Amino acid sequence: DINHLNKHAAVFIISCSISLVSASGPRSVLQFPPWPCSSSSSNPPSHFCGIYIHVKLHTYIVTYSDLRFASCLVAYALITDYFLKVEEAPYTRLCSTKNIMTINGNFPGETLHVHRGDTLIVHVVNRSPHNITIHWHGVNQPRYPWADGPEYITQCPIQPGGGKFSQKVIFTTEEGTLWWHAHSEWTRATVYGAIIVYPKKGHAYPFPKPHADLPIIFGEWWKQDIFELFDDFRRSGGDPLVSHAITINGQPGDRYNCSGQDMFKLAVDQGKTYLLRLINAAMQDILFFSIAGHQLTVVGTDGTYTKPFKSDYITISPGQTIDVLLRADHPIAASYYMAAKFYSSARAAVNLNTTTALLHYTTNNTTTTPTAVSLSATADTNASVAFTARFRSLADKKHPVDVPQKADTNLYFTLSMNAVPCPAGATCAGPNGARLAASVNNVSLVLPTSMDVLGAYYRGIGGVYGDDFPSNPPVSFDFTNLTIPAVYRTPATGNQVSGRNRRFYVKSKK
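Basis of the calculations
- Residues numbered from 1 in each chain as written.
- Predicted model: local features only at pLDDT ≥ 70, side-chain atom pairs only at ≥ 80, totals over all residues.
- Heavy atoms only, no water.
- Pairing = 2+ DSSP bridges.
- Helix = DSSP H or I, 4+ residues; strand = E, 2+ residues; numbered from the N terminus.
- Axes fitted to C-alpha atoms, helices over the stretch in contact; angles between N-to-C directions.
- Buried < 20%, exposed > 50% of the residue type's maximum accessible area, 1.4 Å probe, protein only.
- Core = buried A, V, L, I, M, F, W, Y, C linked by side-chain atoms within 4.5 Å.
- Contact = heavy atoms within 4.5 Å.

Caption draft 1: Spotlight on the sheet that holds strand S20 (residues 304-311). Ordered in space as S15-S14-S17-S22-S19-S20, the six strands form an open sheet in which the pairing is mixed. In this open sheet, the two edge strands, each paired with only one partner strand, are strand S15 (245-248) and S20. Shown here is a sheet whose adjacent strand axes are inclined to one another by a mean of 25°, direction ignored. Relative to S15, strand S14 (residues 212-221) runs antiparallel, the two being bridged by four bridges. Note on S15: the bridge partner recorded for Phe218 is Ile248.

Caption draft 2: Just the environment of Ala346, in detail. Inspection of the secondary structure assignment puts Ala346 in the loop between strand S23 (335-343) and strand S24 (354-361). With relative accessibility at 52%, the residue Ala346 sits in the exposed group. Along the primary structure Ala346 and Ala379 are separated by 33 residues, whereas in three dimensions their C-alpha atoms are 8.2 Å apart.

Caption draft 3: Seen up close, the nonpolar core. Counting residues in each nonpolar core, the largest one holds 58 residues, and the members touching the most others are Phe218, Leu266, Leu276, Leu278, Phe289, Ile314 and Leu359. No other element matches S23, which puts seven residues into this core. Ignoring any residue separated from it by four or fewer positions in sequence, one finds Leu266 in contact with Leu214, Leu276, Leu326, Met338, Leu358, Leu359 and His360. Residues Val114, Trp180, Trp186 and Leu229 belong to the second largest nonpolar core, which totals 31 residues.

Caption draft 4: Representation of the pairing of S20 within the structure. In this sheet, S20 lies alongside strand S19 (residues 296-301) in antiparallel orientation, the contact comprising five bridges. The partner of Leu296 across the bridge, within S20, is Ser311. A loop of two residues connects S19 with S20, the two strands running antiparallel in sequence, and Asp302 in this loop sits at a positive phi of about 50°.

See below:
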């Protein structure tokens, strides 16, 4: 609704010219094909359709003096400004209170709303005592990596105590659910939120429009300070301490002490359909999720639509998003548990607890015990693989999938969990007294500290990174064998990139 724009600057795509003006001068001037609204004029009038967009710091005002603009407006893309303040705030979970890093004091952080093709300008100010960067998970950012967010890869961290950074986030083909999160050390344990990308104005979902939609974000909670936890993890070289709880929208659920009253509750109307936007913000584990008595219809993942399929449960990987339709078609006299637990086939320790939330019908005022939910076993690999194998791209006329039929360059990457020797005089908690180290093609990433890789590449500054990252594993052997000689378990360390055909590939430790 153009009469209720707040914190937005609209860029109208019409067959005429538009000025975007601020108090300090033009922010941008867009010149479209120079023909007027009416055929009676040979050139666009200076007030073309009376549209001017006056930009202030926090509020944008759209004024127009000529109602003819309505007849010449075809579509518009929106430039939206968001203001994110990183700050510590006290939060109580599991019977104790601690300070955590938040965005604008909220945990989880606020949901960002955009339409396909829009652009966000996100102004971040860091009032916390720690470095931070913000990453836009799943946003392609075509030819604009400067605001992508990985610390010391595409940018240096935003400094504590008031450091500022404005990031341009460009949405192109993404549509569905994505998310944003901190990308410095383990700050993303509490600094994260959803991104909802609606279809373009005038376009519809490829499924019947739901009555409502909302994010369901899975996370983790530690009783310890997250920075102390990370420092201990990095110092020891072993596995990080297992979290004390899984959370749904920031709440652990009623299976944990001191958590029942604040459990997340979803109220639904019988007969209506809801779009649940599932996001796995847990640090490093896959999750099973299910709603008692209700089947879910998967319609999208990671900012793109899929061919719909029904399932009684969801398997969602860390960092992944999945869009599901929930039909509220069960008896209203009951309430129903929603639950999630970790899947893991590894031999390492894992949180074996289950988090819960509650689905209830709006006309149900009873206090009956919620219907229990059944989840797969923690190590049920068959259930995990069976769910994931059902994904297919939607690939219809409105949502084509153009898969390249020929590869220009073949890259063979092996991802491994290796071990490096413990430094002399230290005690390490990794296998056989060593330190754990992840690697790609037997190279374990060491981040630079003087400047970011992208900045060094763009400015031609040497000594920040190497340019000889291997396109193939240095040694070939049975990569899936459970018993691997020690010489193959010890990686090299470095900060290397691979350049191919003027493209820029950065080795990441994701």
